[in-house]
Amino acid sequence: MKKIFLVLSIILITISCKKENKSTKKDVFDLTVIANSFPDSTKVYLYNRDIDKNIDSAFVMNESFKFSGKVDLPSLCYLEFYDKKNKHIEPYKFFFLENQNISIKGDYSDFINAKVTGSNQTDLYTEYDSISANSDKEKRVLNEIDFLFSNANNQMALNELLYKKKEISKDSLLLFYKNLDSINSKSSKGKELLAYAKAEDIKAGDKFRDIFGNDLNGNQHKLSDYSGKVILLDFWAAACYPCRLQNKKEFPELVKKYSKDNFIIISYSLDTDEKAWKKSSEVDNINWLSISDLKGMKSKNVRKYAVTAIPNSFLIDQNGIIVQSFIGFSEGANTIEKEIDQLLK
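Here is a short report on the structure shown in this document. (Residues numbered from 1 in each chain as written. Predicted model: local features only at pLDDT ≥ 70, side-chain atom pairs only at ≥ 80, totals over all residues. Heavy atoms only, no water.)

Looking at a positive patch on the surface
Alright, step 1. Taken together, the side chains of Lys295, Lys298, Lys300, Arg303 and Lys304 present a region of like positive charge at the surface.
Alright, step 2. When you line up the elements, Lys298 lands in the loop between β13 (289–291) and α11 (300–304). (Patch = residues over 30% accessible without salt bridge, like charges linked within 9 Å, V, L, I, M, F, W, Y side chains within 5 Å. Areas by Shrake-Rupley, 256 points an atom, 1.4 Å probe, with all protein chains shown as cover. Salt bridge = Lys/Arg side-chain N within 4 Å of Asp/Glu carboxyl O. Lys, Arg positive; Asp, Glu negative; His and termini not counted. Charge placed at Lys NZ, Arg CZ, Asp CG, Glu CD. Helix = DSSP H or I, 4+ residues; strand = E, 2+ residues; numbered from the N terminus.)

Set out below in structure tokens:
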């Protein structure tokens, strides 16, 4: 997809970024949830995606539960549910947590569509999602980015823009950043956007960028330790379903086929929870090199390769040159295998 610059530049030049909603601010949040048809003693975790951790837990009693606390900035969160046997159950809900009185009301059978009130950022997110869902395929991306640039000065817009950053010119991203207020520009998302916009792109033909991480035994490895080999560097995470499929179906076949060749797979986990990384590695029977620094998307290693979606693999030849980048996994396509065959002829 072509990068979008001209239209977005005009938008930013002709309009000013909207400020945060000026409703009365609180120092803490009070989150009240009506969970119709949820059994008593269902356990609920309040998970903060911005810091990749559970920040609180509660139990459903009489079809309701509450959380109270404080967040430094509006944060993308979700509610995750477990039954009495601690088995994960499907209902969940994404929303932006702010220091406000927030209520969520929904039914077990359709909790993903539960109604959220009291969160300005969630209202904005809902509007954005509606624009995305109701746009023609050809215009969807442009309409989404148009909306984000028109409603720029908040954490929701920053969050979604970071997902789409590779579809936008870096000049436009810098223009977006310059229109942020000090709170949003100095936030972790603002800093991540600026770092990406100033970083050099990485593409086929470039020299590999050295990264490092520890394996599950605590031993440190650097990418440069394996110079001279054909390297498949793969970025993945435990919660990524296509990543897990690739671990189970494609990579074992590559390890088997090229076991006698000068070839190595290096999986780099974007997990921040070592237990999740270890468990998924065991379940997937990963018997090739797997490393991480457990800093997730905030890792400098990840930024060096401008990873925005996973699985994302980079094939590096014997001279340390990036041959190709692969995003996603299509079972049976054998695209990576065909490229490796060419390098090992």
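Here we look at the side chain of Ser132
Alright, step 1. Tracing the sequence through the fold places Ser132 in helix α2 (residues 120–133).
Alright, step 2. Separated by 2.4 Å, the side chains of Ser132 and Glu144 make a polar contact.
Alright, step 3. Each residue touching Ser132, except ones within four places of it in the same chain, is listed here: Arg140 and Glu144. (Polar contact = N/O pair within 3.5 Å; in protein donor to acceptor, adjacent residues only side chain to side chain. Contact = heavy atoms within 4.5 Å.)

Observations concerning the state of the cysteines
Alright, step 1. With the rule as written, the count across this model stands at 1 disulfide.
Alright, step 2. Two residues, Cys240 and Cys243, share a disulfide whose sulfurs are 2.2 Å apart. Residues Cys240 and Cys243 share a disulfide whose torsion about the S-S bond is about 75°; that sign makes it right-handed. (Disulfide = S-S within 2.5 Å.)

So, helix α10 (residues 274–283)
Alright, step 1. By the burial criterion, the buried members of α10 are Trp277, Ser280 and Ser281. Buried residues in α10, looked at end-on, bunch into an arc of 105°, giving them a common side. For α10, the exposed residues set more than 90 degrees away from the buried face come down to Lys275, Lys279 and Glu282.
Alright, step 2. Positive backbone phi, approximately 55°, marks Asn285, located one or two places after α10. (Buried < 20%, exposed > 50% of the residue type's maximum accessible area, 1.4 Å probe, protein only. Arc of directions from axis to C-beta.)

Comments concerning the pairing of strand β2 (residues 43–48)
Alright, step 1. Taken together, the 6 bridges between β2 and strand β3 (residues 53–59) define a ladder with antiparallel strand orientation. For Tyr47, the partnering residue across the bridge sits in β3 and is Asn54.
Alright, step 2. The loop that links β2 with its antiparallel partner β3 comprises 4 residues; one of these, Asp52, has a positive phi angle of about 55°.
Alright, step 3. Of the strand pairs in this sheet, β2 and strand β5 (residues 75–82) are connected by 6 bridges, and their pairing is antiparallel. Across the sheet, residue Lys43 finds its bridge partner in β5, namely Tyr82. (Pairing = 2+ DSSP bridges.)

Describing the packing of aromatic side chains
Alright, step 1. According to the stated counting rule, one finds 18 aromatic pairs in the structure shown.
Alright, step 2. Here the aromatic rings of Phe65 and Phe67 are separated by 5.7 Å at their centres, their planes lie at 75°, and the arrangement is edge-to-face.
Alright, step 3. Judged by its relative accessible area of 4%, Phe65 is buried.
Alright, step 4. Taking the centre distance of 5.5 Å and the plane angle of 50° together, the rings of Phe235 and Tyr268 count as tilted. (Phe/Tyr/Trp six-rings, centres within 6.5 Å; stacked < 30°, edge-to-face > 60°.)

Details of the pattern of salt bridges
Alright, step 1. Evaluation of the coordinates by the stated rule reveals 10 salt bridges.
Alright, step 2. For Glu144, the salt bridge identified is with Lys164, shortest N-O distance 2.6 Å. Residue Glu144 is located in helix α3 (residues 140–150), and its partner Lys164 is located in the loop between α4 (155–163) and α5 (170–178); the two are separated by 20 residues in the primary sequence. As far as the burial class goes, Glu144 and Lys164 line up, both buried.
Alright, step 3. Notably, a salt bridge pairs Asp341 with Lys257, separated by 3.3 Å at the nearest N-O pair. One end of the pair, Asp341, is in helix α12 (residues 335–343); the other, Lys257, is in helix α9 (residues 251–257), and 84 residues separate them in sequence.

Considerations on the packing of α5 against helix α7 (residues 188–198)
The packing of two helices is summarised by the inter-axis angle and the distance between the axes.
Alright, step 1. At a minimum axis distance of 9 Å, the contact between α5 and α7 shows a crossing angle of 150°. Looking at the two axes, α5 sits roughly antiparallel to α7. Viewed along their axes, α5 and α7 form a crossing whose handedness is left-handed. Contacts from Lys170, Leu173, Leu174, Phe176 and Tyr177 in α5 reach Gly190, Leu193, Leu194, Tyr196, Ala197 and Lys198 in α7.
Alright, step 2. Per-class residue counts for the contact of α5 with α7 are 8 nonpolar, 1 polar and 2 charged. (Axes fitted to C-alpha atoms, helices over the stretch in contact; angles between N-to-C directions. Parallel < 35°, antiparallel > 145°, perpendicular 65-115°, else oblique. Left-handed = near helix turned anticlockwise from the far one by under 90°. Nonpolar A, V, L, I, M, F, W, Y, C, P; charged D, E, K, R; others polar.)

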